[in-house]
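Examination of the molecular architecture
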Amino acid sequence: MGTTLDKDVRNFSELRSEISAILAGKPPRERILLAARELFYRFGVHIVGVEAIAETALTNKMTLYRHFRSKDELIVAYVEQLAGENVEILDRLLGEGLGTPEQKLTAWIDHVEDVLSNKSERGCALANAAVELDPGHPARGVIEAYKRRKHDRLVEVFRAARYREPERLADEVFLLFEGARISLQCGGAGPASRLVAMLRSLLAASPRDVAK
């Protein structure tokens, strides 16, 4: 079994009840990935074992290894799925042809507010995983590529909105959001509850060029 947590997770009937509807009717690979996603986010990628994942997914280790050759491969699939979903969100909020730069920024800040007000929020799943993984782990490259893409997308929209220092502003906004999500994990809302107001004040105060 490997860890006490594995034993706890195997008997975690509440979790199984919560995700039973999600798992129902899905093929084994999808069930395994869904179970891993729930367990990794709640407990961490390092400590959760494959047996706990397999049993939560209503299957066995043999089937898990038929779809994922190792736990590391499953972790990569997990972060790839998360990164892909987050890219879709960025494209939906900040993509081309979706309104003015100001409208895009308003939509993104509204999204930030939704994320931080989610009662199940345990921080950024990708950042949480990155902290646990060795620098050379293949999943780290997926995470780092997504974070760069998110930062670059913010730079693009700040530049389109004529902010004079889009790279600096993207750095500040990026760090504020990432920091707020970590703050939520370290003792409740606190500073995170003021993030949206801070972001709006920062954007309002940052110098912009006048449209010609």
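Residues numbered from 1 in each chain as written. Predicted model: local features only at pLDDT ≥ 70, side-chain atom pairs only at ≥ 80, totals over all residues. Heavy atoms only, no water.

Topic: the side chain of Arg31
Position of Arg31 among the secondary structure elements: in helix α3 (residues 28-43). Notably, Arg31 is buried but unbridged: the nearest opposite-charge side chain belongs to Glu30, and the N-O separation is 8.7 Å. Within the local environment of Arg31, its side chain forms a polar contact with the backbone oxygen of Leu58, the two atoms lying 3.5 Å apart. Filtering out sequence-adjacent residues up to four positions away, Arg31 remains in contact with Leu23, Lys26, Ala57, Leu58 and Thr59. (Helix = DSSP H or I, 4+ residues; strand = E, 2+ residues; numbered from the N terminus. Buried < 20%, exposed > 50% of the residue type's maximum accessible area, 1.4 Å probe, protein only. Lys, Arg positive; Asp, Glu negative; His and termini not counted. Salt bridge = Lys/Arg side-chain N within 4 Å of Asp/Glu carboxyl O. Polar contact = N/O pair within 3.5 Å; in protein donor to acceptor, adjacent residues only side chain to side chain. Contact = heavy atoms within 4.5 Å.)

With respect to the confidence of the model for the protein chain
The share of residues in the protein chain with pLDDT of 70 or more is 91%, and the mean pLDDT across the chain is 88. At the level of individual helices and strands, the protein chain shows its lowest average pLDDT in helix α1 (residues 4-10), which scores 52, and its highest in helix α5 (residues 61-67), which scores 97. (pLDDT = per-residue confidence, 0-100.)

Some remarks on the nonpolar core
Counting 64 residues, the largest nonpolar core has Phe40, Ile53, Leu74, Tyr78, Trp108, Phe158 and Val173 as its most contacted members. The element contributing the most residues to this core is helix α6 (residues 71-94), with 12 residues. (Core = buried A, V, L, I, M, F, W, Y, C linked by side-chain atoms within 4.5 Å.)

Points about the pattern of salt bridges
In the structure shown here, the tally under the stated rule is 14 salt bridges. With its nearest N and O atoms 2.3 Å apart, the salt bridge here joins Arg208 to Glu102. Separated by 106 residues along the polypeptide, Arg208 in the segment after α11 (195-205) and Glu102 in helix α7 (residues 101-117) bring together distant segments of the chain. You can call Arg208 partly exposed: its relative accessible area is 28%. Judged by its relative accessible area of 31%, Glu102 is partly exposed. In this structure, Glu165 engages Arg168 in a salt bridge whose closest nitrogen and oxygen atoms are separated by 3.2 Å. Residue classification places Glu165 among the partly exposed residues on the basis of a relative accessible area of 41%. Taking relative accessible area as the criterion, Arg168 reaches 28% and is therefore assigned partly exposed.

What to know about α7
With 17 residues, α7 extends 24 Å between its outermost C-alpha atoms, agreeing within 8% with the 24 Å of an ideal straight helix rising 1.5 Å per residue. By the burial criterion, the buried members of α7 are Pro101, Lys104, Leu105, Trp108, Ile109, Val112, Val115 and Leu116. One side of α7 carries all its buried residues, which in axial view fall inside an arc of 135 degrees. The outward face of α7, more than 90 degrees from its buried face, is lined by the exposed residues Asp114 and Ser117. (Expected span 1.5 Å × (residues − 1). Arc of directions from axis to C-beta.)

Observations regarding the environment of Asp171
Within the fold, Asp171 resides in helix α10 (residues 166-185). Given the relative accessible area of 37%, Asp171 is considered partly exposed. The spatial distance from the C-alpha of Asp171 to the C-alpha of Ala139 is 23 Å, given a sequence separation of 32 residues. Of the polar contacts made by the side chain of Asp171, one reaches the side chain of His151; its length is 2.6 Å.

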